[in-house]
Amino acid sequence: MKSEILRLLKESDGYLSGQQLCDYFQVSRTAVWKVIEQLKKEGYQIQAVRNKGYRLMGSPDVLSKAEIESMVQTKWAGRQVVYYEETDSTNIRAKDAGEKGGEHGSLFVAERQVAGKGRRGRGWESPAGTSIYMTLLLRPTFLPVKAPQLTLLMAVAVVEAIRQVTGLTGGIKWPNDVVFNGKKLCGILTEMSTEIGFINYVVIGVGINVNQETFPEEIKDKATSLKLETGAGIRRGELIAAVMERFEAYYETFLKTEDLSAVRARYNRLLVNRGQEVKVLEPDNEYEARAVGINDTGELIVRTKDAEKTIYAGEVSVRGVYGYV
Ligand code: ATP
């Protein structure tokens, strides 16, 4: 009821009458009043006027189940939010739910992670109060081999959501980072549980640097935040909702094509490595090549002096010849 009341307050231009809320939810006036008081405690500015009702005057940048659910306008992506003030990692929480029958589209969000993860066991810096750490649980019916493409789909969704909310156009560093001016704004980590020939579940973790003003020494040269780039603070709930909307639309197209043909051109336009010399880091080999773009299944096509090669993301990293991008 709290998420719904918040949603109604946000959608309403004027006052929402207390009586209407009581009738709508079939509860007492005291029950409605209690929810309003809780929202006020969380920082929402709500005006209550006798004979008129309640009106939302201002919303803080809080992350909560009610805040996120009140903003998400999708059919299934992020409609069910599981929120943690602090957790190990939202990917771990989503995988746990995946094992226990958690629903397709559930979204796990944390204010702080104590064991945030990047690819191949690397860490993800996850302080409280400024960032988005979220993981979407999916139960796809396509073959496991196709699942890694979802990372690229999410990258496009994140870039477009950021553009919609802030006006800033980031780029993508293949396969899983959203960057701006050569620095990382967002990392994406896809993990899955499979049996031979089918997927139990997939989780897509997204970490977006939103309102940070500083970064720890080890990453300060390669990390940035939306606040640092735009100068403006951003309401995280709004950005989460925008990512869910974009991703849901792309995912539904993906179910039909089962490849990235519908977003390939878009992805390649956003690809910062495109046309650039890159260093390809394989587990036991390293070489330089020119990045051409992705193919329909999300692999990176690169050209060396004498051949064209297709790179699979799994074990390989790509760097700029002179730095991270
Ligand atoms: P690859 O190209 O192989 O993906 P990567 O360094 O981008 O390499 P990821 O697994 O995507 O690896 O991200 C983890 C890395 O990101 C960490 O090793 C750290 O250097 C950096 N990092 C950690 N926390 C943050 C953060 N909040 N913002 C930006 N970068 C971070």
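Relevant structure appears above.
If you're wondering where the values come from, they're calculated on a predicted model, not measured in any experiment.

A.B. asks: Tell me about the overall build of the chain, and name the residues and values.
C.D. replies: Check the secondary structure of the chain and you find nine helices and 14 strands. Taken over C-alpha atoms, the radius of gyration comes to 21 Å for the chain, in line with the 20 Å a tight globule of 325 residues would show. In terms of overall dimensions, the chain has a C-alpha envelope of 80 × 45 × 35 Å along the principal axes. A burial count over the chain gives 50% of its 325 residues as buried. Summarising the internal contacts of the chain: among those between residues at least 6 apart in sequence, 64% fall at separations of at least 24. As presented, the chain carries roughly 15,100 Å² of accessible surface, and 47% of it is formed by carbon and sulfur atoms. Here the chain contributes 44 positively and 42 negatively charged side chains, and the mean placements of these two sets differ by 4 Å.

A.B. asks: A description of the nonpolar core should follow, citing residues and the corresponding values.
C.D. replies: Counting residues in each nonpolar core, the largest one holds 68 residues, and the members touching the most others are Met154 and Ile208. If you tally residues by element for this core, the top one is helix α6 (residues 149-166), at 11 residues. Two domains each provide a minimum of three residues to this core, namely domain 2 (65-269) and domain 3 (274-319).

A.B. asks: So, the pairing of strand β2 (residues 53-58): which residues are in play, and what are the values?
C.D. replies: Across five bridges, the pairing between strand β1 (residues 45-49) and β2 is antiparallel. Bridge pairing in β2 links Val49 to Gly53. In textbook terms, the turn of a hairpin is the stretch between consecutive antiparallel strands, and for β1 and β2 this stretch comprises three residues, one of which, Asn51, has a positive phi near 70 degrees.

A.B. asks: I'd like to hear about the pattern of salt bridges, residue by residue, with values.
C.D. replies: For the structure shown, the criterion picks out 25 salt bridges. With a closest N to O distance of 3.7 Å, Lys146 and Glu258 form a salt bridge. Placement of the pair is Lys146 in the loop between β5 (131-138) and α6 and Glu258 in the loop between α8 (236-257) and α9 (264-270), with a sequence separation of 112 residues. Of the charged contacts, one joins Arg266 and Glu160 as a salt bridge, the two residues approaching to 2.8 Å between their closest N and O atoms. Taken together, the positions of Arg266 in helix α9 and Glu160 in helix α6 put the pair 106 residues apart, joining distant regions of the chain. Among the residues examined, Glu160 registers a relative accessible area of 4% and is labelled buried. Shared partners join several salt bridges into a network, and the residues in it are Asp88, Arg93, Asp96 and Lys100.

A.B. asks: Go over the environment of Gly197 with me, naming the residues and quoting the values.
C.D. replies: Relative to the helices and strands, Gly197 is located in the loop between β8 (183-195) and β9 (198-209). Considering only alpha carbons, one finds Gly197 and Val145, 52 residues apart in sequence, at a separation of 8.8 Å. Beyond its immediate sequence surroundings of up to four residues, Gly197 is in contact with Leu143 and Pro144.

A.B. asks: Account for the packing of aromatic side chains, with residues named and values stated.
C.D. replies: For the structure shown, the criterion picks out five aromatic pairs. Relative to Tyr251, the ring of Trp76 has its centre 5.3 Å away and its plane inclined at 70 degrees; by these criteria the two rings are edge-to-face. Of this pair, Trp76 sits in the loop between α4 (65-71) and β3 (81-84) while Tyr251 sits in helix α8, placing them 175 residues apart in sequence. Tyr251 carries the same exposure label as Trp76, and that label is buried. Their ring planes at 35 degrees and their centres at 5.8 Å tell us that Phe247 and Tyr251 sit as a pair that is tilted. Residue Phe247 and its partner Tyr251 are located together in helix α8, separated by four residues, close to a single helical turn. In this structure, Phe247 and Tyr251 share a single accessibility class: buried.

A.B. asks: Give me the environment of Tyr24: which residues, what numbers.
C.D. replies: With respect to the helices, strands and loops of the structure, Tyr24 is situated in helix α2 (residues 18-25). The residues touching Tyr24, leaving out its near neighbours within four places in the chain, are Glu4 and Leu8.

What counts, and where the lines are drawn
- Residues numbered from 1 in each chain as written.
- Predicted model: local features only at pLDDT ≥ 70, side-chain atom pairs only at ≥ 80, totals over all residues.
- Heavy atoms only, no water.
- Helix = DSSP H or I, 4+ residues; strand = E, 2+ residues; numbered from the N terminus.
- Rg over C-alpha atoms; globule rule 2.2 N^0.38 Å.
- Buried < 20%, exposed > 50% of the residue type's maximum accessible area, 1.4 Å probe, protein only.
- Contact = heavy atoms within 4.5 Å.
- Areas by Shrake-Rupley, 256 points an atom, 1.4 Å probe, with all protein chains shown as cover.
- Lys, Arg positive; Asp, Glu negative; His and termini not counted.
- Charge placed at Lys NZ, Arg CZ, Asp CG, Glu CD.
- Core = buried A, V, L, I, M, F, W, Y, C linked by side-chain atoms within 4.5 Å.
- Domains from an automatic or database assignment.
- Pairing = 2+ DSSP bridges.
- Salt bridge = Lys/Arg side-chain N within 4 Å of Asp/Glu carboxyl O.
- Phe/Tyr/Trp six-rings, centres within 6.5 Å; stacked < 30°, edge-to-face > 60°.

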